[in-house]
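# Structural overview for review
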Amino acid sequence: MKYIQVKFSVAPDTQDVRDILVALAGCNGFESFTEEDNELIGYCQESVFNLHSLKKILDDFPIPNIQITFSINKIEDKNWNEEWEKNGFNPIVIDNRCAVICKNTMEKQSVQTLIAKIPMKVIIDAQQSFGTGTHETTQMIVSLLLNQDMQGKRVLDCGCGTGILSIVAAKCGAQDVVCYDIDDWSVRNTKHNAELNNVKLDILEGDKNVLSHVNGIFDLVLANINRNIILEDLETFYSVMSDDAKIILSGFYEQDSKVILQQATRIGLKESQRLLNQNWCCLLLEKA
């Protein structure tokens, strides 16, 4: 597997700016990041690297008066997540009802103590730094999922990543969970994590076009992806929703919610609930 290495220089350089840059790049194919001297270094598979998309991210950066320059290098095959895989991540506790736990650290006494009274536990094998539940958008969707009546429902997870949302839906009582991702690594990792959590998922590889091969409609649709893909795919999501279905969208900033809601209103959806976390937005929509 060949990778592109991108070295970012930021001015003024703050942790908030770096965090936002990591999150935005992560939604566009970057798998992991390291810090070296005054640079933030990102790694992306060569097959999915999109220079035009990267430039647009930087041109539309949500904090004004930030200068970000970058250089690009092709690098040798290497496991750029080795340190992440070795060290894992601390448990993520959501609403004191769900804990996302790293497989590599779950036996630690400190972890066992922390999660002892949490009713739902989701085990994730930390083979990547994205999709572990550490991101605000994932946590907000999980928070909404925990308050939905999932018993016997059919759920669709669009862009499943490591499968966290699908696994939570299954653990909440969903009868049937279908999920897909365009990245073959995500498909494999979702299958692995489903086995770790002893849940059954129907996992597909591809984009929204895979839905043409899926029978039936869904009671709940989940999409934790970037704004542009949501705008492109929202009408397709609507087409597979039952009459009383809901859809939960995240992966974008609050400032992007206006254009998303315009598109949603046009096709027959209305906002039911909104969550915000660090300027990230999560929308629960219903059919109008």
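Let me begin by describing the structure that accompanies this report. Residue numbers here run from 1 along each chain, matching the order of that chain's written sequence. Where local features are concerned, this predicted model is filtered to residues with pLDDT of at least 70; where side-chain atom pairs are given and counted, the filter is 80 or more; whole-chain, interface and lining totals use all residues. Hydrogens and waters are ignored; side-chain quantities use all the structure's heavy atoms.

## Section: the packing of aromatic side chains
Within 6.5 Å between ring centres, the rings of Phe, Tyr and Trp (the latter by its six-membered ring) count as paired, and their orientation is classed by plane angle as stacked under 30 degrees, edge-to-face over 60, tilted in between. Tallied over the full model, the rule gives 4 aromatic pairs. Each ring, one from Phe8 and one from Phe30, has its centre 6.2 Å from the other, and the planes form 55°; the classification is tilted. Of this pair, Phe8 sits in strand S1 (residues 3-11) while Phe30 sits in strand S2 (residues 30-36), and the two are 22 residues apart along the sequence. We classify Phe30 as buried; its relative accessible area is 4%. The interplanar angle of 50° and the centroid separation of 6.3 Å between the aromatic rings of Phe8 and Phe70 together place this pair among those described as tilted. On the criterion of sequence distance, the pair formed by Phe8 in strand S1 and Phe70 in strand S4 (residues 67-75) is long-range, its members being 62 residues apart. Classification of residues uses two cut-offs on accessible area relative to the type maximum, computed with a 1.4 Å probe and protein chains only: under 20% is buried, over 50% is exposed, and between them is partly exposed. Classification of Phe70 as partly exposed rests on a relative accessible area of 27%. Ring pairing ties together the aromatic residues Phe8, Phe30, Phe49 and Phe70, which thus form one cluster. Criterion for a charge above a ring: Arg CZ or Lys NZ at most 6 Å from the ring centre, at most 35 degrees from the ring normal. Just above the ring of Phe218 sits the side chain of Arg154; from NZ or CZ to the centre is 4.3 Å. Numbering of helices and strands runs from the N terminus; a helix is a DSSP stretch of H or I covering at least four residues, while a strand is a stretch of E covering at least two.

## A few points about unusual backbone geometry
Glycine aside, residues mostly have negative phi angles, and peptide bonds mostly take the trans form. Across the junction of Ala11 and Pro12, the peptide omega takes the value -10°, indicating a cis bond. By the secondary structure assignment, Pro12 is in the loop between S1 and helix H1 (15-26). The residue Asn65 is not glycine, and still its phi comes out positive at about 60°.

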